[in-house]
Amino acid sequence: MTTAPYETTSVQGQLTISERIRPDEAELFRSLLLDSLPTHYDEVDASFPDSIVDTATAGTDRHGYFTRTKRLFVGRVDGRTQAFTVASYKRGGAVKMGPTVVLPELRRTGLGTAFRRLVEDRILDDQHIRKLYLTVTSGNTRTLLFNLGLGYQVEGVLAGQYRKGSSELVLGKVVRGGRLSDLPYGRRLAPAPAGGVEVSETPPGAQELEAYLTPRMREGFAGIDGTFVHSILDALSEDRQTYACKGKRLLVARQPDGALCGAAVLVPKRGGAAKISPLVADHQGALLELVEHAVHAARQMGRHRLYAIVPELERDTVERLTAHGFHLEAQLREAYKAGVDSFVLGRTL
Ligand SMILES: CC(C)(COP(=O)(O)OP(=O)(O)OC[C@H]1O[C@@H](n2cnc3c(N)ncnc32)[C@H](O)[C@@H]1OP(=O)(O)O)[C@@H](O)C(=O)NCCC(=O)NCCS
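What counts and what doesn't
- Residues numbered from 1 in each chain as written.
- Predicted model: local features only at pLDDT ≥ 70, side-chain atom pairs only at ≥ 80, totals over all residues.
- Helix = DSSP H or I, 4+ residues; strand = E, 2+ residues; numbered from the N terminus.
- Buried ≥ 20, exposed ≤ 12 C-beta atoms within 10 Å, placed from the backbone.
- Contact = placed C-beta atoms within 7 Å.
- Core = buried A, V, L, I, M, F, W, Y, C linked by C-beta atoms within 7 Å.
- UniProt positions renumbered as here; feature names shortened; annotations may be inferred.
- Pairing = 2+ DSSP bridges.
- Right-handed = clockwise from strand over helix to strand, strands pointing away.
- Domains from an automatic or database assignment.
- Nonpolar A, V, L, I, M, F, W, Y, C, P; charged D, E, K, R; others polar.
- Near = placed C-beta within 6 Å.

Going by the annotation in an unreviewed UniProt entry, the name recorded for the chain is N-acetyltransferase domain-containing protein, with Streptomyces filipinensis given as the source organism.

This is the structure:
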């Protein structure tokens, strides 16, 4: 394969990008990340760069559920290592960029911009990729300006996302937009049935969960299949309950006759927040119970923030979360499926 289209001479020398990272470069990547990220983020330790290197080397994210794989790119100028960036491929055709890091002595020379343009061009050669996005701490002005210069736009502000008292901006660039859904108000949920709902953390079998989740997530998410369901079930075990292993909890709602009527996945995040996604319910009763249990479970885990990602067409879920003290923080443009925007709703605990 030729690297010709991915070279540029706009910096001092010839810039090339590669995914063949040498061991000394992996070491440099680790130390550059650990130098810059802890300034902005809590609970970032060596396991963070290590898991990026491991996943990129393996070519698949064995602990991811929305993340399928990561690619780690190195930028070399005339053969000298000068910059790194990471691309995390998500189900549904979006890619999360970053962190991007340039050698300190070469910052503000245009290298970061030239490097990221090359990497983004290579990613977008794949016609299935619709969107690039990333997050930036609101106090990190240079990274914010850097990414705005690359054509990203702000889609929202997540309060206390990776550190108490510090906000995170979500930036996105929709490259191949879909036709926005003509179902802006989606379907409404049925009222709560008589007899109540029981929420537990007893995991269903893979077949039952797949049969439940895949048709119900189809409207809001693309790329949901049996591997997604397995990645959730695999993440429930005791030995996976660390950030690096992306441990999760699964809340399931059942009717008195035992039928599944709702499911929510709760994921602790570095910095003290917890995420709920997906949050699926067949009726108002299941939705209410799942939200109350998720808030309770997140508090018990000592989380200071809880947020949910909800396809915009799920109006009842948005209303229910708002009634529970969640605020609309971001409108993610076509985050998980072409033509469907998603909301982030968050609250402190
Ligand atoms: C963010 C980073 C990758 C930018 O790379 P870079 O090579 O310095 O960026 P460029 O030289 O291409 O700068 C492009 C634009 O970004 C903005 N920018 C970059 N550094 C800036 C700074 N220190 N202050 C203000 N704006 C800045 C400017 O708008 C700049 O354009 P200009 O120089 O014409 O004004 C680099 O600063 C870095 O490695 N930082 C440390 C790691 C980090 O914090 N990464 C983000 C973690 S998520």
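How do you make sense of the overall build of the chain when you look at a structure like this?
A tally of helices and strands in the chain yields eight helices and 14 strands. On the principal axes, the C-alpha backbone points of the chain span a range of 70 × 40 × 35 Å. Evaluated residue by residue, the chain yields a buried proportion of 42% over its 349 residues. For the chain, the proportion of contacts with a sequence separation of at least 24, taken over those separated by at least 6, is 64%.

Is there a simple way to think about the nonpolar core in this case?
General note: in soluble globular proteins, nonpolar side chains tend to be found buried as a group. Core analysis: the largest hydrophobic core is formed by 86 residues, its most contacted members being Ala264, Leu290, Ala294 and Ala308. Sort the elements by how many residues they give to this core and helix α7 (residues 284–300) lands first, with seven residues. Once residues within four sequence positions are removed from consideration, Ala308 is found in contact with Ile276, Ser277, Leu279, Leu321, Phe326 and Leu345.

Hey, could you run me through the UniProt feature "domain: N-acetyltransferase" (unreviewed entry) in the chain in this one?
Those places that UniProt annotates as "domain: N-acetyltransferase" (unreviewed entry) correspond, in this numbering, to residues 27–176. Split by type, residues 27–176 is 30% helix and 39% strand. Its first and last C-alpha atoms lie 36 Å apart.

Would you mind going over unusual backbone geometry with me for this structure?
Excluding glycine, a negative phi dihedral is what most residues carry, and trans is how most peptide bonds are arranged. Residue Pro99 is reached from Gly98 by a cis peptide bond, and omega for that bond is 0°. With respect to the helices, strands and loops of the structure, Pro99 is situated in strand β4 (residues 94–102). Of note, the amide linkage connecting Ser277 to Pro278 takes the cis form, showing an omega dihedral of 0°. Inspection of the secondary structure assignment puts Pro278 in strand β11 (residues 273–281). Phi at Glu43 is positive, roughly 60°, even though this residue is not glycine. Tracing the chain through its elements places Glu43 in the loop between α1 (23–36) and α2 (47–58). For Glu43, a count of 15 C-beta atoms within 10 Å corresponds to the partly exposed category. Positive phi is not limited to glycine here, since Lys246 has a value of about 50°. Position of Lys246 relative to the elements: it lies in the loop between α6 (226–234) and β9 (249–254).

Please clarify how the pairing of β4 should be interpreted in this entry.
Both faces of the sheet carry side chains from a regular strand, because those side chains alternate between them. When you tally the buried positions in β4, you get seven out of nine residues, the bulk of the element. Pairing analysis gives six bridges linking strand β3 (residues 80–90) to β4, with the strands arranged antiparallel. Pairing of Phe84 across the sheet is with Val101, part of β4. Counting the residues between successive antiparallel strands, the hairpin from β3 to β4 contains three residues, one of them, Gly92, with a positive phi of roughly 100°. Pairing of β4 with strand β5 (residues 131–137) involves three bridges; the strand directions are parallel. Looking across to β5, one finds that Val95 is bridged to Leu132. Regarding topology, helix α3 (residues 111–124) serves as the crossover connection from β4 to the parallel β5, and that connection is right-handed.

Explain the domain arrangement of the chain here, please?
Looking at the assigned domains, one finds that the chain contains domain 1 (4–174) and domain 2 (198–348). For domain 1 versus domain 2, the separation of C-alpha centres amounts to 27 Å. If you look at the interface, domain 1 gives 28 residues, while domain 2 gives 32 residues. For the side of domain 1 that touches domain 2, the secondary structure elements donating two or more residues are α2, β6 (153–163) and β7 (166–174). With nine residues, β6 is the largest single contributor of residues to the side of domain 1 that touches domain 2. Looking at the side of domain 1 that touches domain 2 residue by residue, the class counts come to ten nonpolar, ten polar and eight charged.

Would you explain the pairing of β11 in this entry?
Counting buried residues in β11 gives eight out of nine residues, a clear majority hidden from the surface. Where strand β10 (residues 260–268) and β11 come together, six bridges link them in antiparallel fashion. Across the sheet, Pro268 pairs through a bridge with Ala274, a residue of β11. Between β10 and β11, which pair antiparallel one after the other, the connecting turn spans four residues, and Gly271 there sits at a positive phi close to 100°. Relative to strand β12 (residues 305–311), β11 runs parallel, the two sharing four bridges. Along β12, the bridge assignment pairs Ala274 with Leu306.

How do you make sense of the site of the ligand when you look at a structure like this?
Contacts to the ligand come from 19 residues, most closely from Arg107, Gly112, Thr113, Arg142 and Phe146. Every element with two or more residues in the shell around the ligand is listed here: β4, α3 and α4 (141–149). No other element matches α4, which puts six residues into the shell around the ligand.

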